[in-house]
Amino acid sequence: MTTRRSCAVGTGAYLPERVVTNDELAKRIDTSDEWITSRTGIRQRYIAADGELTSDLGIAAARRALDDASMTGSDIDLLVVATSTPDETFPATATVIQKALGMTRGAAFDVQAVCSGFVYALATADNFIKAGQAETALVVGAETFSRILDWTDRTTCVLFGDGAGAMVLRAEDGAGTTADRGILSTHLHADGRYHDMLYVDGGPSSTGSAGYLRMQGREVFRHGVEKMAAVVEEALEATGLPAEQIDWFIPHQANKRIIDGTSRKLGLGPERVVMTIDRHANTSAASIPLAVAEAAADGRIQAGQLVVLEALGGGLTWGSAILRW
Ligand code: UT7
């Protein structure tokens, strides 16, 4: 008997041109490079240009992922875009990206799970593939968080950046062991009781305007370390893989201290952790595919290696995915 798996066959990333350093922010608000670096690990962030939309970032990352997979838009039959900063309330940003890629068949929709968005979108695409409803899927994480930041609130505006990453998945049939390539597991969680910890104070049905991000940072931090380690342990148990076998741990990039705390809990040394927070800051749903694309492009991730993704975000939502590359 064969088992159907979703295999990563291409990755791509895109960052806007404009870099904003901590020092530049310190000229506008009461903060310092020292505070931001020591509390978060962030040194700079990329900010989209005026008129540069989430779809523009997503299209650029998606094109690179398709090139990497030697595919075109017409080879794709499912497009899932993870974003909390869509171009418009509707239609889905996925349909804007779909049009630009020349993809005219299949389904395209957005998934909204804030910083966990890419893991949610990946799990969605994986389930479509495993159910036989799609052969090839393009999963994009794209965000312009700069548009929903209160630039007078130093407790949040220094933390985020804009960007996009993408991954092409293709169905492959194999023996179904953990040594075979493809997505080995996905685990998703949500707990809406924690809404007030991280939310945007606006929206089409409440205020009628987009609103601004609000966060109880210390509380989110506490849940971050605890839940991110737990959701990876849950995935390792489900797959029967020991933590020592993880080649690359690629967590959502929200805070270097959260990443360090989580990897320490899992017994993973820094040499096995992909870190982009220093340059990208927190790009929400784009942070994981940006980091994966970077580590794949520079040759760190090799065929056959075990890659573990995990994230926590507004909702609260959290989740993990294990892939054999
Ligand atoms: O992406 C998904 C979810 N997001 C996260 O995972 C973020 C999780 N949380 C965090 O990363 C951290 O909690 C923060 C980076 C947001 C804050 O770090 P912290 O060590 O928890 O700082 P804090 O909130 O306890 O604030 C410490 C002090 C406060 O001053 P007082 O009350 O001690 O006088 C803040 O007012 O730091 C002050 N502060 C700042 N100072 C300079 C807060 N923001 C800034 C700032 N510059 N930008």
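Small disclaimer: the values here were computed from a predicted structure and weren't measured.

### Things to note about the overall build of the protein chain
Part 1: Looking only at helices and strands, one finds 10 helices and 13 strands in the protein chain.
Part 2: A globule of 325 residues ought to have a C-alpha radius of gyration of about 20 Å, and the protein chain, at 18 Å, matches this closely.
Part 3: The principal-axis extents of the C-alpha atoms in the protein chain amount to approximately 60 × 45 × 40 Å.
Part 4: Here the protein chain holds 325 residues, and 57% of them are scored as buried.

### Things to note about the side chain of Arg5
Part 1: When you line up the elements, Arg5 lands in strand β1 (residues 3-14).
Part 2: Buried charged residue Arg5 carries no salt bridge. Nearest counter-charge: Asp180, at 4.7 Å.
Part 3: A polar atom in the side chain of Arg5 sits 3.0 Å from the backbone oxygen of Thr177.
Part 4: A distance of 3.1 Å separates a polar atom in the side chain of Arg5 from the backbone oxygen of Asp180.
Part 5: Excluding its chain neighbours within four sequence positions, the residues that come into contact with Arg5 are Ile129, Arg170, Ala171, Glu172, Gly176, Thr177, Thr178, Asp180, Arg181, Gly182, Ile183 and Leu184.

### Quick word on the domain arrangement of the protein chain
Part 1: Split by domain assignment, the protein chain resolves into domain 1 (3-174) and domain 2 (182-324).
Part 2: A straight line from the C-alpha centre of domain 1 to that of domain 2 covers 14 Å.
Part 3: Each partner contributes to the interface: domain 1 provides 50 residues, whereas domain 2 provides 46 residues.
Part 4: Of all residues in domain 1, Cys115, Val119 and Tyr120 bury the most surface against domain 2, accounting for 17% of the area lost on that side.
Part 5: Linking domain 1 to domain 2 there are one salt bridge.

### Concerning the site of the ligand
Part 1: Not every one of the 23 residues close to the ligand is listed here, only the nearest: Thr31, Arg39, Arg218, Asn255 and Asn282.
Part 2: At a separation of 3.0 Å, a nitrogen atom of the ligand approaches a polar backbone atom of Gly217.
Part 3: A distance of 2.9 Å is found between an oxygen atom of the ligand and a side-chain nitrogen or oxygen belonging to His252.
Part 4: For the ligand, the accessible surface in isolation is 960 Å², of which the surrounding protein chains cover 76%.
Part 5: Of all the elements in the fold, those that place two or more residues in the shell around the ligand are α2 (33-40), α6 (154-157), α7 (217-239) and α8 (256-266).
Part 6: Ranked by residue count, the leading element in the shell around the ligand is α7, at four residues.

### Structural notes on the nonpolar core
Part 1: In this structure, Leu122, Met167, Leu169, Ile250, Leu309 and Leu323 are the most contacted members of the largest nonpolar core, which totals 35 residues.
Part 2: Tallying contributions element by element places helix α5 (residues 117-130) first for this core, with seven residues.
Part 3: Non-local contacts of Leu309, meaning those with residues more than four positions away in its chain, are made with Phe118, Leu122, Ile250, Ile288, Val292, Gly319, Ser320, Ala321 and Leu323.
Part 4: Among the nonpolar cores identified, the runner-up in size contains 28 residues, and Phe145, Ile148, Leu149 and Val220 belong to it.

### Re the sheet that holds strand β6 (residues 136-144)
Part 1: Read from one edge of the open sheet, five strands run β1-β7-β6-β4-β5, paired in mixed fashion. Taken across any chain shown, the strands that pair with only one partner, and hence form the sheet edges, are β1 and β5 (107-111). Taking each pair of neighbouring strands and ignoring which way they run, the sheet shows an average axis angle of 20°.
Part 2: As paired elements, strand β4 (residues 78-82) and β5 share five bridges and run parallel to each other. Each residue of the ladder has a partner; that of Leu78, found in β5, is Ala107.

### Quick look at the packing of aromatic side chains
Part 1: Per the stated rule, a full pass over the model turns up two aromatic pairs.
Part 2: Seen from their ring centres, Phe109 and Phe128 are 6.0 Å apart, and the 40° between their planes marks the pair as tilted. Residue Phe109 is found in strand β5, and its partner Phe128 is found in helix α5; the two are separated by 19 residues along the sequence.
Part 3: Residue classification places Phe128 among the partly exposed residues on the basis of a relative accessible area of 23%.

Cut-offs applied
- Residues numbered from 1 in each chain as written.
- Predicted model: local features only at pLDDT ≥ 70, side-chain atom pairs only at ≥ 80, totals over all residues.
- Heavy atoms only, no water.
- Helix = DSSP H or I, 4+ residues; strand = E, 2+ residues; numbered from the N terminus.
- Rg over C-alpha atoms; globule rule 2.2 N^0.38 Å.
- Buried < 20%, exposed > 50% of the residue type's maximum accessible area, 1.4 Å probe, protein only.
- Lys, Arg positive; Asp, Glu negative; His and termini not counted.
- Salt bridge = Lys/Arg side-chain N within 4 Å of Asp/Glu carboxyl O.
- Polar contact = N/O pair within 3.5 Å; in protein donor to acceptor, adjacent residues only side chain to side chain.
- Contact = heavy atoms within 4.5 Å.
- Domains from an automatic or database assignment.
- Buried area = accessible area lost by both parts, 1.4 Å probe.
- Near = heavy atom within 4 Å.
- Areas by Shrake-Rupley, 256 points an atom, 1.4 Å probe, with all protein chains shown as cover.
- Core = buried A, V, L, I, M, F, W, Y, C linked by side-chain atoms within 4.5 Å.
- Pairing = 2+ DSSP bridges.
- Axes fitted to C-alpha atoms, helices over the stretch in contact; angles between N-to-C directions.
- Phe/Tyr/Trp six-rings, centres within 6.5 Å; stacked < 30°, edge-to-face > 60°.

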